[in-house]
Number of protein chains: 2
Amino acid sequence: MILSKTTEYALSILSYMATRTDEVYSAEYLFNELKIPRSYLRRLLTGLSKFGFIKSSLGRKGGFVFAKDIKEISFYQIINTMEGADAMNTCLLGFSCCIVDHPCVMHDIWMEARSKMINTLSNTTLADLKEKYQQDLLKNLRSI
Amino acid sequence: MILSKTTEYALSILSYMATRTDEVYSAEYLFNELKIPRSYLRRLLTGLSKFGFIKSSLGRKGGFVFAKDIKEISFYQIINTMEGADAMNTCLLGFSCCIVDHPCVMHDIWMEARSKMINTLSNTTLADLKEKYQQDLLKNLRSI
DNA sequence: ATTAAATACTACAAATAGGTGGCATTTTAT
DNA sequence: ATAAAATGCCACCTATTTGTAGTATTTAAT
Ligand code: SF4
Ligand code: SF4
């Protein structure tokens, strides 16, 4: 529901990169496309490299490419990695131990809604995003 | 998924107060029960008054009670009020305008999952919580 | 070789969120 | 009347997140 800006940036970067996986993306290019604050973007990119989503090449003509098949990168993974493990596994109400020593009225309802969302996020990968993007491109071409 | 601590505190306070609506709760009492940092809790309580969820009475024997029927207070309302309007209405990916000028692959899936969650949160009120709490109490008594 | 274009690293600055403490005011009990 | 127990208000402090800037390093083109 509410992701940190950093996580949103990460999703944005990786989603954008996923649309053309053959390309090497420089920080400067991504800055122009995504308008994420320049310096922060650079830090995020090295961060995403360290997390293993992408890898960098140094020097002129250097930049970033995916470090693994984008079929292997789900939205859930990205969010979880960026927000820190278990950010999505805690109680909605933020109670470490439940308020009345047994599940509150929200519990079942919330767990169900949340697990559905987690399923969705787990089952959707950057590859799905790429596919959808390309289909949309085609549709647009046809309608000219 | 990830609510601010402040919102979690608000949920915690109101949920706790909902278990016995006839009582006047002092900040000090709630502090002992909920272990929310004392000074911050006091600020939150006056905040919740301003938002109209509860109302305060001054002086000795003063404290806080609900300002309206708890049937009228949904979890969604609380979260939305505390997080600031529309915190739950923005794109998962945090894009202000979508990355490729048309809905991304996540859109339908995400909107569905989210609207389900919002429905759940909207349809569940503090009154539901109270009811569940009292049923659980009864069950415990019977099993002695 | 030199220069240009890229990332790596790092120390710092700014903004936001979370938390504290003190003093004023109100009400009730004695 | 006075003291005690409560909230209201406010200025400040601390921690975390977000953002900046500069220097060092690597690579490719010339
Ligand atoms: S029972 Fe309620 S408070 Fe406890 S973990 Fe479940 S949703 Fe959270
Ligand atoms: S289309 Fe995708 S990026 Fe746009 S609002 Fe929907 S989920 Fe967000």
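Residues numbered from 1 in each chain as written. Chains lettered and ligands numbered in written order. Predicted model: local features only at pLDDT ≥ 70, side-chain atom pairs only at ≥ 80, totals over all residues. Heavy atoms only, no water.

Describing the nonpolar core
Of all hydrophobic cores here, the largest spans 77 residues; its most connected members are Ile13(A) and Ile13(B). Apart from the residues lying within four places of it in its own chain, the contact partners of Ile13(B) are Leu30(B), Leu34(B), Ile36(B), Leu41(B), Leu44(B), Leu45(B) and Leu48(B). (Core = buried A, V, L, I, M, F, W, Y, C linked by side-chain atoms within 4.5 Å. Buried < 20%, exposed > 50% of the residue type's maximum accessible area, 1.4 Å probe, protein only. Contact = heavy atoms within 4.5 Å.)

As for the protein's contact with DNA strand C
Taken together, 25 residues are adjacent to DNA strand C, and Ala27(A), Thr46(A), Ser56(A), Thr6(B) and Arg43(B) come closest. The sugar-phosphate backbone supplies 61% of the atoms of DNA strand C found within 4 Å of the protein. Within the side chain of Tyr9(B), one N or O atom sits 3.1 Å away from a phosphate oxygen of DNA strand C. A distance of 2.6 Å separates a base oxygen of DNA strand C from a polar side-chain atom of Arg43(B). With four residues, helix H3 (residues 38–50) of chain A is the largest single contributor of residues to the surface near DNA strand C. For the surface near DNA strand C, the class distribution of residues is seven nonpolar, eleven polar and seven charged. (Near = heavy atom within 4 Å. Polar contact = N/O pair within 3.5 Å; in protein donor to acceptor, adjacent residues only side chain to side chain. Helix = DSSP H or I, 4+ residues; strand = E, 2+ residues; numbered from the N terminus. Nonpolar A, V, L, I, M, F, W, Y, C, P; charged D, E, K, R; others polar.)

Some remarks on the pairing of strand E2 (residues 63–66) of chain A
Residue and element names in this part refer to chain A. Sheet analysis places strand E1 (residues 54–57) next to E2, joined by four bridges and oriented antiparallel. From the neighbouring strand, Ser56 faces E2, where its bridge partner is Phe64. Taken together, E1 and the strand that follows it, E2, pair antiparallel across an intervening segment of five residues, in which Gly59 is found at a positive phi of about 80°. (Pairing = 2+ DSSP bridges.)

A look at the confidence of the model for chain A
When pLDDT is averaged across chain A, the result is 85; 85% of the residues are at 70 or more. Across chain A, element-level confidence peaks in E2(A) with a mean pLDDT of 98 and bottoms out in helix H5 (residues 106–123) of chain A with 77. (pLDDT = per-residue confidence, 0-100.)

Focus: the protein's contact with DNA strand D
Close to DNA strand D lie 25 residues, the nearest being Thr6(A), Arg43(A), Ala27(B), Thr46(B) and Ser56(B). Between a phosphate oxygen of DNA strand D and a side-chain N or O atom of Tyr9(A), the distance comes to 3.1 Å. Within the backbone of Gly59(A), a nitrogen or oxygen atom sits 3.3 Å from a base oxygen of DNA strand D. Of all the elements in the fold, those that place two or more residues in the surface near DNA strand D are helix H1 (5–18) and H3 of chain A together with helix H3 (38–50), strand E1 (54–57) and strand E2 (63–66) of chain B. Here the surface near DNA strand D takes four residues from H3(B), the largest share from any one element. Of the residues in the surface near DNA strand D, the class split is seven nonpolar, eleven polar and seven charged.

Points about the packing of H1(A) against H3(A)
Residue and element names in this part refer to chain A. The geometry of H1 relative to H3 is characterised by a closest axis approach of 11 Å and an angle of 75° between their N-to-C directions. Here H1 lies roughly perpendicular to H3, going by the angle between them. Between H1 and H3, the contacting residues are Thr6, Tyr9, Ala10, Ile13 and Leu14 on the first element and Tyr40, Leu41, Leu44, Leu45 and Leu48 on the second. Looking at the contact of H1 with H3 residue by residue, the classes come out as nine nonpolar, one polar and no charged. (Axes fitted to C-alpha atoms, helices over the stretch in contact; angles between N-to-C directions. Parallel < 35°, antiparallel > 145°, perpendicular 65-115°, else oblique.)

A few points about the pattern of salt bridges
All names here are of chain A. Summed over all chains, the structure comprises six salt bridges over all chains. Of the charged contacts, one joins Glu28 and Arg38 as a salt bridge, the two residues approaching to 2.8 Å between their closest N and O atoms. Of this pair, Glu28 sits in helix H2 (residues 27–34) while Arg38 sits in helix H3, and the two are ten residues apart along the sequence. Residue classification places Glu28 among the partly exposed positions, given a relative accessible area of 37%. Owing to a relative accessible area of 42%, Arg38 belongs among the partly exposed residues under this scheme. (Salt bridge = Lys/Arg side-chain N within 4 Å of Asp/Glu carboxyl O.)

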